[in-house]
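# Commentary on secondary and tertiary structure
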Amino acid sequence: MSSLFNTYALGTRRLQNRIVMAPMTRSRTSTGDIPNALMATYYAQRVSAGLIITEATDVSAFSNGYACTPGIYTAEQTQGWRLVTDRVHRHGGTVFLQIWHVGRMAHHTMLPDGEAPRGATDERAGQSDVFIYDSDGSAVFVRADTPRKIETEEVAGLFDEFTLAFRNAKAAEFDGVEIHGANGYLFDQFMNSTLNTRTDQYGGQTPQTRTRLLLDVVDIAIRELGTDKVGVRVSPFGKFNSMPSDPFAEETLLYLCSELSRREIAYLHVVYQPLPAGNTVDSEFNEFNLSDDLVRKVREAFQGTLIWCGGFDKQSAQAALDEGWADLIAFGRPFIANPDLVDRMTNNWPLAEAHHCAFYTRDGEKGYTDFPYFE
C-alpha cells in the first residue's frame, strides 16, 4: 500500500513524496511581471513537497488578467524564473511551471493598448471579478470586461504565444509545465458546451471540437519539451469565474482523459470547485465532490499519473491513495502558512492557518515568506 510519504517515479524524476504543492496566485512579482528573489525564497521554503507547481503564469501580454502575476514571454521574466528554479533545484526539489491564458477573465486596463479581453466568445463573465491596481495604486477587484471572440484565423498567433512560453520555460530550466485548462480560463471556456457557441473547428458541438484548442497546445508542448514534461489541469463541473452548467461536462472530461492518456503526458491534475455562496474570491479553495463512479471512470480513461486537488487533509489524502483514486495529492492553502507542511503532516504537528488578507498583497515578506517552521 502506498503512503503519502513514499517516493514516486514521475517520468524520469523521482519525487521524494506524493505531496504536491498546488498552483496558487500570490501577486508578488516585480515591475514588468518579473519573478524575483522573494519568490525564489517562497518556493525554496516549500521544497519538501514532492512536486511544486508554480502560480499561474501568463503566456503573453494579452493574457494578463490579474495584477502582479508573473509572465514567461520576455527575457527578463525568463531570467527571473531562473532564480526560482535554481533555488528549488539546489535543495533537491522538482518544479513545474503552470502556464495559462485567462481568456475573458481580464480587464482592459491590464491589456496592451487597453483592448478588450480575448475569449472563446463575446459573452462576459458577468458575476466574476479580476484583481487590478487602480489609478491611485490601490488594490481593487473589478468586474471582468466584455471580451471579444478570438477569430479562427487568430488561433495560429495564440499557438505562437504558447510555443514561445514553452521554449522560455525550458530556458528557465523548469522540470516541466502544467497547462492550465481549469477554473473558467481560456481552455475551460472552449471546453464548456454551454458557453462555447462557436461553429468553427473549435466550437462546442462535440467533445472533439471542444477540446481541440487544448489538445493542439498540448501537442505543441510535447513537441517543444517532450511528453514527460507536460501536465494538464482541469476542473470538471466547476462554476468558478461564471462558468455555466454544462450537460456534456462528463463526456468532454472522459474524451479529454483518453486523448491525454494516448499522448502519455506526465500527469493529469483534476480539481472540482463548486460555486460558493456569493461567489467570493476564496472560492478556489472549496472542497471538490465528485462521485465515486466518475472518479473510477477518470482512472480508467487516463492511464498515467493522476493528481487530485480539493480540500484534502492528511487522512483523506491517504484514503484516496489507498483506494487507488490518485497517485499524488495536491495541497493548496495549507502550504501558504506552513512552509514545512510535509514535516508537519509526517509528525502530526498542528497546522498554522493564514488569514485571507495575506493571499494577494504587495506587502513583500509579510504573509508570504514570514511564516515560521514548527518548533
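Structure: see above.
Residues numbered from 1 in each chain as written. Predicted model: local features only at pLDDT ≥ 70, side-chain atom pairs only at ≥ 80, totals over all residues. Heavy atoms only, no water.

### Things to note about the pattern of salt bridges
- All chains considered together, the criterion is met by 17 salt bridges.
- Between lysine 297 and aspartate 293 there is a salt bridge whose closest N-O contact spans 3.3 Å. Here lysine 297 and its partner aspartate 293 are both found in helix α7 (residues 292–301), four residues apart, which amounts to about one turn of the helix.
- You can call lysine 297 partly exposed: its relative accessible area is 31%.
- Taking relative accessible area as the criterion, aspartate 293 reaches 42% and is therefore assigned partly exposed.
- What you see here is one network of salt bridges that share partners, running through Asp219, Glu259, Arg262 and Arg263. (Salt bridge = Lys/Arg side-chain N within 4 Å of Asp/Glu carboxyl O. Helix = DSSP H or I, 4+ residues; strand = E, 2+ residues; numbered from the N terminus. Buried < 20%, exposed > 50% of the residue type's maximum accessible area, 1.4 Å probe, protein only.)

### Observations concerning the pairing of strand β8 (residues 129–133)
- Pairing analysis gives five bridges linking β8 to strand β9 (residues 139–143), with the strands arranged antiparallel. Opposite aspartate 129, over in β9, you have arginine 143 as the bridge partner.
- Linkage of β8 to β9, two consecutive antiparallel strands, is achieved through a turn of five residues, within which glycine 137 is found at a positive phi near 85°. (Pairing = 2+ DSSP bridges.)

### Quick word on the packing of aromatic side chains
- Counted according to the given criterion, the structure contains 13 aromatic pairs.
- Here the aromatic rings of tyrosine 42 and tyrosine 43 are separated by 5.0 Å at their centres, their planes lie at 70°, and the arrangement is edge-to-face. Across the pair, tyrosine 43 and tyrosine 42 agree in class, each one buried.
- Both rings, one in phenylalanine 162 and one in phenylalanine 166, keep their centres 6.1 Å apart while their planes meet at 40°; by these two values the pair is tilted. Here phenylalanine 162 and its partner phenylalanine 166 are both found in helix α3 (residues 155–171), four residues apart, which amounts to about one turn of the helix. Residue phenylalanine 162 shares its accessibility class with phenylalanine 166, and that shared class is buried.
- What links up through ring pairs into an aromatic cluster is the set Tyr42, Tyr43, Trp81, Phe174 and Tyr368.
- When the ring centre of phenylalanine 62 is taken as origin, the NZ or CZ atom of arginine 118, which lies over that ring, is 3.9 Å away. (Phe/Tyr/Trp six-rings, centres within 6.5 Å; stacked < 30°, edge-to-face > 60°. Lys NZ or Arg CZ within 6 Å of the ring centre and 35° of its normal.)

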